[in-house]
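Here is how the chains run, residue by residue.
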Amino acid sequence: MNKLALNNNLIENISALVKNARYRITSLINYTMTTTYFEIGRMIVEDEQKGNNRAEYGDKLILAISERLTIENGKGFSETNIKQMRSFYITYQKQQTLSAKSQKGQTLSDKFKLSWSHYLMLMRISDENERKFYEIEAIENNWSLRELKRQYDSGLYLRLSLSKNKKKILTLATKGLLIEKPEDAIKDPYILEFVGLSEQNDYSENELEQKLIDKIGKFLLELGKGFSFVGRQVRFTFNEEHFRVDLVFYNRLLKCFILIDLKIGKLKHQDIGQMLMYVNYYDRKVKTKDENKTIGIILCQDKEEAVVEYTLPKNNKQIFASKYLTVLPKKEDLKKLIES
């Protein structure tokens, strides 16, 4: 029995070694491909700048490069792809130059940590600050291309930036999302299109909760940095009465429990009072002395700001009410919703 357990440990260690090796190989391939394309773009742009009729010369040059590389290397070097390499250099040359100057010993391309497919998607974002934000977040959170697209389509940058001043927006572009206080971890609205429920409230709170549990990985990505799942319908009892918190999470960056209550329809002051009781219980009976105060988030389809304002104390930093959407909104509709 001990020998079998020892063999299992050996197999696990070997499996982990192989996975790590494959990850390093994939990272090396992505790095080599991306830096190569950046250099190709640089060489094309610098050569174009020597010509008189740059536009005409540039088109002929790209065609010639495409034909030669396709003959020698096969697919992947169409005119469109070569133009994308040129655009890649034009888009990122300033950013990479500044990075290289600020950190001695780095080459211009040391900062490229995503795949070529990631950068093709990022180049479609015209706003430089927004593009930098998504690049930083994709690197820090190891987003797949699909997740990067999903976060962009859900308007993550828009949802965060519309609630911040100019200085904090600049921080988003240079450092990504920093979680330093409870408000930093809150979004309004939350986009839950992955649950597959309609816009209409023709489902129950239990159904919504089950869908979120079924897609817990995607829900954690939507919640943001530092979240880990603790449990659902977590029960506590006092005065011989039982209470259940819909969803309990812990945030390692804020070092606190985060309680989430799901509400269908309009938010009522009783809902806020209930969450206040949950948070107080956790602060007094669950959290340890070295942990920070518990945060409560009520996710609802509709909320009255006045109800939230007058139910909670002025210095409230623990209870938050946020809307949720079960379909991806258009950017214009999302902006109206946030500003309303």
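Residues numbered from 1 in each chain as written. Predicted model: local features only at pLDDT ≥ 70, side-chain atom pairs only at ≥ 80, totals over all residues. Heavy atoms only, no water.

Caption draft 1: Main features of the sheet that holds strand S3 (residues 241-251). Judged by pairing direction, the sheet is mixed, and its six strands sit side by side in the order S1-S6-S5-S4-S3-S2 without closing on themselves. Edge strands, defined here as strands with exactly one partner in the open sheet, are strand S1 (190-191) and strand S2 (227-238). Relative to strand S6 (residues 319-325), strand S5 (residues 295-302) runs parallel, the two being bridged by five bridges. In the sheet register, Ile-298 faces S6, and the bridge partner there is Ala-321. The strands that helix H9 (residues 205-214) touches are S2, S3, strand S4 (256-266) and S6; relative to S4, the one it contacts most, it runs at about 135 degrees. (Pairing = 2+ DSSP bridges. Helix = DSSP H or I, 4+ residues; strand = E, 2+ residues; numbered from the N terminus. Contact = heavy atoms within 4.5 Å. Axes fitted to C-alpha atoms, helices over the stretch in contact; angles between N-to-C directions.)

Caption draft 2: Fine view of the packing of helix H5 (residues 128-140) against helix H6 (residues 145-153). It is the contact of H5 with H6, at a shortest axis distance of 11 Å, that shows an interaxial angle of 140 degrees. Judged by the inter-axis angle, H5 sits oblique to H6. Handedness of the crossing formed by H5 with H6: right-handed. Across the interface between the two elements, Glu-130, Tyr-134 and Ala-138 of H5 pack against Leu-148, Gln-151 and Tyr-152 of H6. Residues of the contact of H5 with H6, tallied by class, amount to four nonpolar, one polar and one charged. (Parallel < 35°, antiparallel > 145°, perpendicular 65-115°, else oblique. Left-handed = near helix turned anticlockwise from the far one by under 90°. Nonpolar A, V, L, I, M, F, W, Y, C, P; charged D, E, K, R; others polar.)

Caption draft 3: Focus on the packing of aromatic side chains. One pass over the full model with this rule turns up 26 aromatic pairs. Here the aromatic rings of Tyr-92 and Phe-112 are separated by 6.0 Å at their centres, their planes lie at 80 degrees, and the arrangement is edge-to-face. Highlighted residues: Tyr-92 in helix H3 (residues 79-102) and Phe-112 in the loop between H3 and helix H4 (116-122), separated in sequence by 20 residues. For Phe-112, a relative accessible area of 2% corresponds to the buried category. (Phe/Tyr/Trp six-rings, centres within 6.5 Å; stacked < 30°, edge-to-face > 60°. Buried < 20%, exposed > 50% of the residue type's maximum accessible area, 1.4 Å probe, protein only.)

Everything listed here is a matter of coordinates, which is why it stays silent on function.
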